Amino acid sequence: MSDRDYHPETVATRFDPSDVGATGAGDVVSPIHLTTTHEMDSPGETDHGYKYARFGNPTRDALEDRLAKLCGAERATACASGTAAMAATALSVVEAGDRVVAADGVYGGTRLLFEELLVDTLGATVEYVDATDTDAVAAAVTDETALVWTESPTNPLLRLCDLAAVGEVAADAGATYVVDNTFATPAVQRPLELGADAVVHSMTKYLNGHSDATGGVVVTDDEALADAVAHTQAYNLGGTLAPFDAYLTLRGLRTFPLRMERHEANATEIARYLEGHSAVERVAYPGLESHPQHDLAREQMDGFGAIVSFELDATAAETRAVLEELDVFTLAVSLGGTESLVDHPATMSASYLSESEREAAGIPDSLVRVPVGVEHVDDLIADLDGALDHL
């Protein structure tokens, strides 16, 4: 069998390269190679291929190999953070004066990176469009467009775009098509199979899964793009992943499929509970039939993810008070760890945006985002129920 014939549950736990172990005999767990430099056989020459940690590290190589297999990709480049992965990808594609089309629902940090790095520094033009409308994307993309960037589901409103349809638009224009797949993860959605040229993930989230290591990854089947991203992050940005974080993420990946099953099962029950609560105005979760793109989710996803957003029938102050009453849910940014978190986008994860930008994006002060963890769902619902009783 080839590596791609194995199921993700098997790939996540096995098949680290046999030549990166400390004994050379294929250790069951890849060791942590902390050395920053390697002895050479002669000036500039080495049989083992390693010279300096920024350019190559055995532990990081083992992680990249497993991530490529898990994502169904030819190449994976691990970076120091999700933002580093985005920057390395964008800078490998966009040149001075180029045109970029991006989904208007991209993560606030992505928009900040584009505005300060691509627009202010390179003089590129970035147009944000409603990517839930493929016709709007097609109207914005021209032959001068170098990069099309989408995120599906979006943060924090969980809107979807038709990944395959947008991919056709990008391909027709000769633009590089990149999808941020952090929320869905490769367990739920595989954008390379839907036309993406490259996919980025913040490994800090579900791939690591334990809130103890920061990292990002770019996966692609395009060898030239992979080489460009690897060169940019190692030689220009210096944003390579540290060996210990690579080890922690390798460890986290072993339980990734199992965790995602529990994450999603809990999220589904919580979404249904919230949808029936009188204090909740609306719930955003692709797994609910009430989600406007539920059918699209069923078509292009193998599940619905583990993040639920909802709007309360409450003022900003009342919303904050509800969040402060929660006990099992931890009030914190980020997502994807085993623990359930609760986020107030207006003051936390979307605070990158101005008030007018949040209003235009549909992020009110009463919006709450919950990355659902793996605790017992009855405890999570009881925690929400007790907090919502204060409204």
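Per chain, the residues get numbers from 1 upward, laid out in the order the sequence is written. Only residues with pLDDT of at least 70 are given local features in this predicted model, and only at 80 or more are side-chain atom pairs given and counted; all residues enter the totals for whole chains, interfaces and linings. Side-chain numbers here rest on the full set of heavy atoms in the structure, without hydrogens or water.

(A) Just the side chain of glutamine 189, in detail. Mapping glutamine 189 onto the fold places it in the loop between β5 (176–180) and β6 (198–202). Exposure categories follow from relative accessible area, calculated using a 1.4 Å probe and restricted to protein chains: below 20% of the type maximum is buried, above 50% is exposed, and the middle band is partly exposed. On the basis of relative accessibility, which here comes to 1%, the residue glutamine 189 falls in the buried class. A 3.5 Å cut-off defines polar contacts: any pair of N or O atoms within that distance qualifies, except that in protein one atom must be a possible hydrogen donor and the other a possible acceptor, and neighbouring residues in sequence count only when both atoms are side-chain atoms. A polar contact is formed between the side chain of glutamine 189 and the side chain of asparagine 181, at a distance of 2.9 Å. Apart from the residues within four sequence positions on either side, glutamine 189 is in contact with Ser152, Leu163, Asn181, Ala184, Gln300 and Met301. Elements are defined by DSSP. Helices are runs of H or I of four residues or more, strands are runs of E of two residues or more, and each kind is numbered from the N terminus. Two residues qualify as a contact provided that any one of their heavy atoms is within 4.5 Å of a heavy atom in the partner residue.

(B) Up close: unusual backbone geometry. Serine 152 connects to proline 153 through a cis peptide bond whose omega is 0°. With respect to the secondary-structure elements, proline 153 resides in the loop between β4 (145–151) and α6 (163–173). Following asparagine 155, the chain continues into proline 156 via a peptide bond in cis, with omega recorded as 10°. Structurally, proline 156 can be placed in the loop between β4 and α6.

(C) Quick look at helix α11 (residues 316–325). Buried within α11 are the following residues: Thr319, Val322 and Leu323. Projected onto a plane normal to the axis of α11, the buried residues spread over an arc of 95° and lie on a single side. Away from the buried face of α11 by more than 90 degrees, exposed residues Ala317 and Glu324 are located. Each element contacted by the buried residues of α11 is listed here: β9 (307–312), β10 (330–331), β11 (341–342), β12 (367–371) and α13 (377–388). Comment: arc refers to directions from the helix axis out to C-beta atoms.

(D) Here's a closer look at a negative patch on the surface. Judged by side-chain charge, Glu39, Asp41, Glu45 and Asp47 come together as a negatively charged surface patch. The residue glutamate 39 is located in the loop between α1 (8–11) and α2 (58–71) in this model. According to the relative accessible area criterion, glutamate 39 is exposed, its value standing at 71%. For patch detection, residues must exceed 30% relative accessible area and be free of salt bridges, and they are connected within 9 Å for like charges or within 5 Å for nonpolar side chains (Val, Leu, Ile, Met, Phe, Trp, Tyr). The Shrake-Rupley method, run with a 1.4 Å probe sphere, supplies the accessible areas, and residue values consider only the shown protein chains as cover. We define a salt bridge as a side-chain nitrogen of Lys or Arg found within 4 Å of a carboxyl oxygen belonging to Asp or Glu. The sign given to each residue is positive for Lys and Arg and negative for Asp and Glu; His and the chain ends receive no count. A charged residue contributes its charge at one atom only: NZ of Lys, CZ of Arg, CG of Asp or CD of Glu.

(E) Fine view of the pattern of salt bridges. Applying the stated criterion across every chain yields a total of 9 salt bridges. We note a salt bridge from aspartate 227 to arginine 75, for which the minimum N-O separation is 3.0 Å. Within this pair, whereas aspartate 227 is found in helix α7 (residues 223–237), its partner arginine 75 is found in strand β1 (residues 75–79), the two being separated by 152 residues in sequence. Residue class for aspartate 227 comes out partly exposed when judged on its relative accessible area of 44%. Glutamate 127 is the salt-bridge partner of arginine 99, the closest N and O atoms lying 2.3 Å from each other. Of this pair, arginine 99 sits in strand β2 (residues 99–103) while glutamate 127 sits in strand β3 (residues 125–129); the two residues are 28 residues apart in sequence, bridging distant segments of the chain. We classify arginine 99 as buried; its relative accessible area is 18%. Linked by salt bridges that have partners in common, Arg75, Glu223 and Asp227 make up one network.

(F) Broad picture of the packing of aromatic side chains. Here the aromatic set is Phe, Tyr and Trp, taking the six-membered ring for Trp, and pairing holds for ring centres within 6.5 Å; pairs whose planes are under 30 degrees apart are stacked, those over 60 apart are edge-to-face, and all others are tilted. In the structure shown here, the tally under the stated rule is 5 aromatic pairs. Ring geometry for phenylalanine 55 versus tyrosine 235: centroids 4.5 Å apart, planes at 15°, classification stacked. Placement of phenylalanine 55 in the loop between α1 and α2 and of tyrosine 235 in helix α7 is noted, with a sequence separation of 180 residues between them. On the basis of relative accessible area, tyrosine 235 is assigned to the partly exposed category, the value being 49%. Through a chain of ring-to-ring contacts, the aromatic side chains of Tyr52, Phe55 and Tyr235 assemble into a single cluster. Geometrically, a charge over a ring is one whose NZ (Lys) or CZ (Arg) sits within 6 Å of the ring centre while staying within 35 degrees of the ring normal. If you follow arginine 111 out to its NZ or CZ, it ends over the ring of tyrosine 128, 3.9 Å from the centre.

(G) Looking closely at the pairing of β12. In terms of burial, β12 is a largely internal element, 5 of the 5 residues being buried. Burial of the side chains of β12 extends over both faces: Leu367, Arg369 and Pro371 are buried on one face and Val368 and Val370 on the other. Examined bridge by bridge, β9 and β12 share 5 bridges and lie antiparallel to one another. In the strand pairing of β12, isoleucine 307 is matched with proline 371. At least two DSSP bridges between two strands are needed for those strands to be called paired.

(H) Quick peek at the environment of arginine 298. Within the fold, arginine 298 resides in helix α10 (residues 294–300). Arginine 298 gets classed as exposed once you look at its relative accessible area, which sits at 56%. Residues arginine 298 and serine 356 lie 58 residues apart in sequence; the distance between their C-alpha atoms is 33 Å.

The analysis is restricted to geometry; functional conclusions fall outside its scope.
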